[in-house]
Amino acid sequence: MKGFCWILVFLVVFRWVQCDLQMGYYGSSCPKAEKIVQDYVNEHIPNAPSLAAALIRMHFHDCFVRGCDASILLNVTSSSGNQTEKVAIPNQTVRGFDFIDRLKSLLEAECPGIVSCADIIALAARDSIVITGDPSWKVPTGRRDGLLSNASEALNQIPAPFDNITILIQKFANKSLDLKDLVLLSGTLFFT
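Please read these numbers as outputs of a predicted model, since none were measured by experiment. (Residues numbered from 1 in each chain as written. Predicted model: local features only at pLDDT ≥ 70, side-chain atom pairs only at ≥ 80, totals over all residues. Heavy atoms only, no water.)

Draft legend 1. Seen up close, the overall build of the chain. In terms of helices and strands, the chain carries eight helices and zero strands. Counting helices and strands in the order they occur from the N terminus, the chain gives α-α-α-α-α-α-α-α. The buried share among the 192 residues of the chain stands at 48%. Within the chain, contacts between residues separated by at least 24 positions form 73% of all contacts whose residues are at least 6 apart in sequence. Accessible area for the chain stands at about 9,700 Å²; split by element, carbon and sulfur atoms hold 58% of it. (Helix = DSSP H or I, 4+ residues; strand = E, 2+ residues; numbered from the N terminus. Buried < 20%, exposed > 50% of the residue type's maximum accessible area, 1.4 Å probe, protein only. Contact = heavy atoms within 4.5 Å. Areas by Shrake-Rupley, 256 points an atom, 1.4 Å probe, with all protein chains shown as cover.)

This is the structure:
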């Protein structure tokens, strides 16, 4: 049953973020990309299985603000002084940033400047769930990395643990998600 819930979560997220994504997007530009992610996940997640849920949570938090664009990974820069999503209160307990950074380094060594961080998060989230024994699903790729990240957007948009049902329904409706999506995502992400 748990595995079925993970698949439902990603069907909801996929429906929510569909754009010009396609299967095998890196087939010619970086043919080993998905294998590199899978191999790294398969090597490390069995030693830290709780990181699988953390990567799913990271993916959800990233997608809920500006879409699945890896803007959750952006750091504060001294030039802009802008507080990014990464430091927003809802994201202060998100784990897995170092894991994604290590994957990005491996992919940059293989194919510099090709694989987006947004796709790395999506693939790592899927592969980490699979290695923990749950079913797999197809992850189309071709996401673009965002260049903007704002802590206040994360604070205002990501559902908070203290939000009442009316606020939760509204936050999900703002993302074209319905009550069924709310129940599915909340139950799977927050109670596993």
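Having seen the structure, we can now continue with the description.
Draft legend 2. Representation of the environment of Phe64. Relative to the helices and strands, Phe64 is located in helix α3 (residues 50-64). Residues Phe64 and Glu153 lie 89 residues apart in sequence; the distance between their C-alpha atoms is 9.7 Å.

Draft legend 3. Broad picture of the pattern of salt bridges. Scanning the entire structure with this criterion turns up six salt bridges. For Asp119, the salt bridge identified is with Arg143, shortest N-O distance 2.6 Å. Of the two residues, Asp119 is situated in helix α5 (residues 117-131) and Arg143 in the loop between α5 and α6 (151-157); the sequence distance between them amounts to 24 residues. For Arg143, a relative accessible area of 7% gives the class buried. (Salt bridge = Lys/Arg side-chain N within 4 Å of Asp/Glu carboxyl O.)

Draft legend 4. View of the packing of aromatic side chains. Scanning all chains against the criterion turns up four aromatic pairs. These aromatic residues form a ring-pair network of at least three members: Phe60, Phe64 and Phe172. Its end group placed over the ring of Phe97, Lys86 keeps NZ or CZ at 4.7 Å from the ring centre. (Phe/Tyr/Trp six-rings, centres within 6.5 Å; stacked < 30°, edge-to-face > 60°. Lys NZ or Arg CZ within 6 Å of the ring centre and 35° of its normal.)

Draft legend 5. Seen up close, the state of the cysteines. Inspection of the entire model under this criterion finds two disulfides. Covalently, Cys30 is tied to Cys111 through a disulfide, its sulfur atoms 2.0 Å apart. Between Cys30 and Cys111, the disulfide has an S-S torsion of 80° and is therefore right-handed. Of this pair, Cys30 sits in the loop between α1 (2-17) and α2 (33-44) while Cys111 sits in the loop between α4 (97-110) and α5, placing them 81 residues apart in sequence. (Disulfide = S-S within 2.5 Å.)

Draft legend 6. Main features of the packing of α3 against α4. α4 packs onto α3 with a crossing angle of 85° between their chain directions and a minimal axis gap of 10 Å. On the basis of the axis angle, α3 is roughly perpendicular to α4. Only Phe97, Phe99 and Ile100 of α4 make contact with α3, whose side of the interface consists of Leu51, Leu55 and Met58. Each residue belonging to the contact of α3 with α4 can be placed in one class, and the counts come to six nonpolar, no polar and no charged. (Axes fitted to C-alpha atoms, helices over the stretch in contact; angles between N-to-C directions. Parallel < 35°, antiparallel > 145°, perpendicular 65-115°, else oblique. Nonpolar A, V, L, I, M, F, W, Y, C, P; charged D, E, K, R; others polar.)

Draft legend 7. How the structure looks around a nonpolar patch on the surface. A surface patch of nonpolar side chains, about 360 Å² in accessible area, is lined by Ile165, Ile169, Leu179 and Val183. The residue Ile169 is located in helix α7 (residues 165-173) in this model. Overall, Ile169 belongs to the partly exposed group, its relative accessible area being 38%. (Patch = residues over 30% accessible without salt bridge, like charges linked within 9 Å, V, L, I, M, F, W, Y side chains within 5 Å.)

Draft legend 8. How the structure looks around the nonpolar core. Formed by 36 residues in total, the largest nonpolar core has its most connected members in Leu55, Met58, Leu73, Phe99, Ile100 and Ala124. Where this core is concerned, the elements lending two or more residues are α2, α3, α4 and α5. Examining the composition of this core, we find that nine residues originate from one element, α5, more than from any other. Contacts of Leu55, omitting those with residues within four sequence positions, involve Ile45, Gly96, Phe99, Ile100, Ala124, Ala125 and Ser128. One finds Phe64, Val65, Ala88 and Ala154 within the second-largest nonpolar core, a separate group that totals 12 residues. (Core = buried A, V, L, I, M, F, W, Y, C linked by side-chain atoms within 4.5 Å.)

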